[in-house]
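Single-letter residue listing:
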Amino acid sequence: NAGNFSAEGLTGPTRLSSRSRDVRMRDFRESMDVELERGDLTLEPVQTPLAHMQAKLSSGDVNLVLPESAGFSIKAVTKIGEISNGLGTGFKVDSDGRRETLQGATGSGPQIDIEVKRGSISARRASLSSAAPIAPSTPAAAHPLETITQ
């Protein structure tokens, strides 16, 4: 579909910017920075330790699926929308009018920052039974910042 962008197994730091596109990033190993004007975003790192993640959306929904054993801290804000918290203990959603904020931490790990002007945020842990198996791979050489502009 021309309106979608999907990537899996990125090895270098990645920055993606798009005006109107649904984006799915899976099994990335280094920092992820995504900016979308319109569109939904799915971030699904599969391996630990996690990398730093930052996402800014003007209009769209974010679906964040994290490995069960991952350590991280998170601050996710939607100015007009709702947050679904499936991360468990140590994570709290605060509401202030139409604005909702999810904050918390578990273990040691990178910061995850998500900001949505208009849309919902869903954050949860991947269940082991629903996670697709990842085939072992030979470590690839790290690449400098991968920038994708759509």
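Preceding this section is the structure that the text describes.
Residues numbered from 1 in each chain as written. Predicted model: local features only at pLDDT ≥ 70, side-chain atom pairs only at ≥ 80, totals over all residues. Heavy atoms only, no water.

## Overview of the overall build of the chain
Argument step 1. Regarding its fold elements, the chain presents 0 helices and 14 strands.
Argument step 2. Ordered by position from the N terminus, the helices and strands of the chain form the series β-β-β-β-β-β-β-β-β-β-β-β-β-β.
Argument step 3. A buried classification covers 40% of the 150 residues belonging to the chain.
Argument step 4. Restricting the contact set of the chain to residue pairs at least 6 apart, pairs at least 24 apart contribute 46%.
Argument step 5. Surface exposure of the chain reaches about 8,000 Å², of which carbon and sulfur atoms provide 46%. (Helix = DSSP H or I, 4+ residues; strand = E, 2+ residues; numbered from the N terminus. Buried < 20%, exposed > 50% of the residue type's maximum accessible area, 1.4 Å probe, protein only. Contact = heavy atoms within 4.5 Å. Areas by Shrake-Rupley, 256 points an atom, 1.4 Å probe, with all protein chains shown as cover.)

## Some thoughts on unusual backbone geometry
Argument step 1. Here the residue pair Thr48 and Pro49 is connected by a cis peptide bond, since its omega of 0° sits within 30 degrees of zero.
Argument step 2. Counting through the fold element by element, Pro49 comes out in the loop between strand S5 (41-44) and strand S6 (53-59).
Argument step 3. Backbone geometry at Asp27 places phi at a positive 55°, although glycine is not the residue there.

## Comments concerning the sheet that holds strand S9 (residues 83-86)
Argument step 1. In space, the 6 strands of this open sheet follow the order S1-S3-S5-S7-S13-S9, with parallel pairing throughout. With one partner strand each, in any of the chains shown, strand S1 (4-8) and S9 form the two edges of the open sheet. Taken pair by pair, the neighbouring strands of this sheet meet at an average axis angle of 5°, ignoring direction.
Argument step 2. Bridge count between S1 and strand S3 (residues 22-26): 5 bridges; the pairing is parallel. The residue of S3 that forms the bridge with Glu8 is Arg26. (Pairing = 2+ DSSP bridges. Axes fitted to C-alpha atoms, helices over the stretch in contact; angles between N-to-C directions.)

## Let's talk about the environment of Ile121
Argument step 1. Residue placement: Ile121 occurs in strand S13 (residues 121-125).
Argument step 2. Exposure remark for Ile121: the relative accessible area of 2% places this residue in the buried category.
Argument step 3. A sequence separation of 60 residues divides Ile121 from Asp61, and the C-alpha atoms of the two residues are 5.8 Å apart.

## What about the packing of aromatic side chains?
Here a ring pair, both rings aromatic, is described through the centre-centre distance and the interplanar angle of the planes.
Argument step 1. The final tally for this structure, using the stated rule, is 1 aromatic pair.
Argument step 2. Measuring from ring centre to ring centre gives 5.4 Å for Phe72 and Phe91, while their planes differ by 20°; the resulting arrangement is stacked. A residue pair is termed long-range when its members are at least 10 positions apart, and Phe72 in strand S8 (residues 72-80) and Phe91 in strand S10 (residues 91-96) qualify at 19 residues.
Argument step 3. Classification of Phe72 as buried rests on a relative accessible area of 1%. (Phe/Tyr/Trp six-rings, centres within 6.5 Å; stacked < 30°, edge-to-face > 60°.)

## So, the pattern of salt bridges
Argument step 1. For the coordinates displayed, the defined rule picks out 7 salt bridges.
Argument step 2. Of the charged contacts, one joins Glu8 and Arg26 as a salt bridge, the two residues approaching to 3.0 Å between their closest N and O atoms. Of the two residues, Glu8 sits in strand S1 while Arg26 sits in strand S3, which places them 18 residues apart along the sequence.
Argument step 3. Between Glu115 and Lys79 there is a salt bridge, with its nearest N and O atoms 3.9 Å apart. Here the residue Glu115 occupies a position in strand S12 (residues 111-118), and Lys79 occupies one in strand S8, the gap between them amounting to 36 residues. (Salt bridge = Lys/Arg side-chain N within 4 Å of Asp/Glu carboxyl O.)

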